[in-house]
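What follows is the residue order along each chain.
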Amino acid sequence: LILSIIMIELWPYRTSIIFQACEDSLQEEELTSLLLSDDPKLARTSKRKGNSMEDIMRRFESNVSKDSSARKNSKKKLQKVFLEVSLYEVYQKVARVLMHASEQSISEIAGDSDPQLFEQLLLEKHGNSGKIMMMSDIIPIDDMNEENL
């Protein structure tokens, strides 16, 4: 929790992009499952063009799973994928691209502290586990209960 507060305080723009990517992908996953449970035909017609944030986050799953047959058959919930994906990976592959997508990005980025310190914080090993921060560390606790995994 303290690391999240530090990240939000010192790097609000970068941190908000990571948090927003996490939230959007989880909401898209939930919407997809609702559509499929109601009417599979409706789910196919509501498919947007391009990649959704859920699709982008699922690519991390295929990077984690090296076995191609396991990758194709896997439909893990994103919460499980987030247990295996670090915040640093998401920052490098998603947030850095999105940071420069808007016209106001220069003024928004100016409010952040030193970007190299942000990356060092994301790579720092924390707590008793000795692991770097994972995407699952920023998911609200009620979303990480056993029935959602």
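The text that follows walks through the structure, step by step, so that each part is easy to find. (Residues numbered from 1 in each chain as written. Predicted model: local features only at pLDDT ≥ 70, side-chain atom pairs only at ≥ 80, totals over all residues. Heavy atoms only, no water.)

Focus: helix α1 (residues 2-10)
Right, so step 1: All of the buried residues along α1 are Leu3, Ser4 and Met7. With its buried residues spanning 100 degrees around the axis, α1 presents them on a single face. The exposed residues of α1 that point more than 90 degrees off its buried face are Ile2 and Glu9. (Buried < 20%, exposed > 50% of the residue type's maximum accessible area, 1.4 Å probe, protein only. Helix = DSSP H or I, 4+ residues; strand = E, 2+ residues; numbered from the N terminus. Arc of directions from axis to C-beta.)

A short note on the environment of Arg14
Right, so step 1: Following the sequence through the fold, Arg14 ends up in helix α2 (residues 12-38).
Right, so step 2: On the basis of relative accessible area, Arg14 is assigned to the buried category, the value being 6%.
Right, so step 3: With 101 residues separating them in the primary sequence, Arg14 and Pro115 have C-alpha atoms 8.7 Å apart.
Right, so step 4: Not counting chain neighbours up to four residues away, the residues in contact with Arg14 comprise Tyr91, Met99, Ile109, Asp112, Ser113, Pro115 and Phe118.
Right, so step 5: In terms of polar contacts, Arg14 uses its side chain to reach the side chain of Asp112, at 2.9 Å. (Contact = heavy atoms within 4.5 Å. Polar contact = N/O pair within 3.5 Å; in protein donor to acceptor, adjacent residues only side chain to side chain.)

A closer look at the pattern of salt bridges
Right, so step 1: Across all of its chains, the model carries three salt bridges by this definition.
Right, so step 2: Between Glu54 and Arg58 there is a salt bridge; the shortest N-O distance is 3.3 Å. Of the two residues, Glu54 and Arg58 are both situated in helix α4 (residues 53-64); the distance of four residues between them amounts to about one turn of the helix. Like Arg58, Glu54 is buried. (Salt bridge = Lys/Arg side-chain N within 4 Å of Asp/Glu carboxyl O.)

As for the side chain of His126
Right, so step 1: Inspection of the secondary structure puts His126 in the segment after α9 (115-123).
Right, so step 2: Polar side-chain contacts of His126 include one of 2.9 Å to the backbone oxygen of Glu124.

Treat this as a map of the structure, not an account of what it does.
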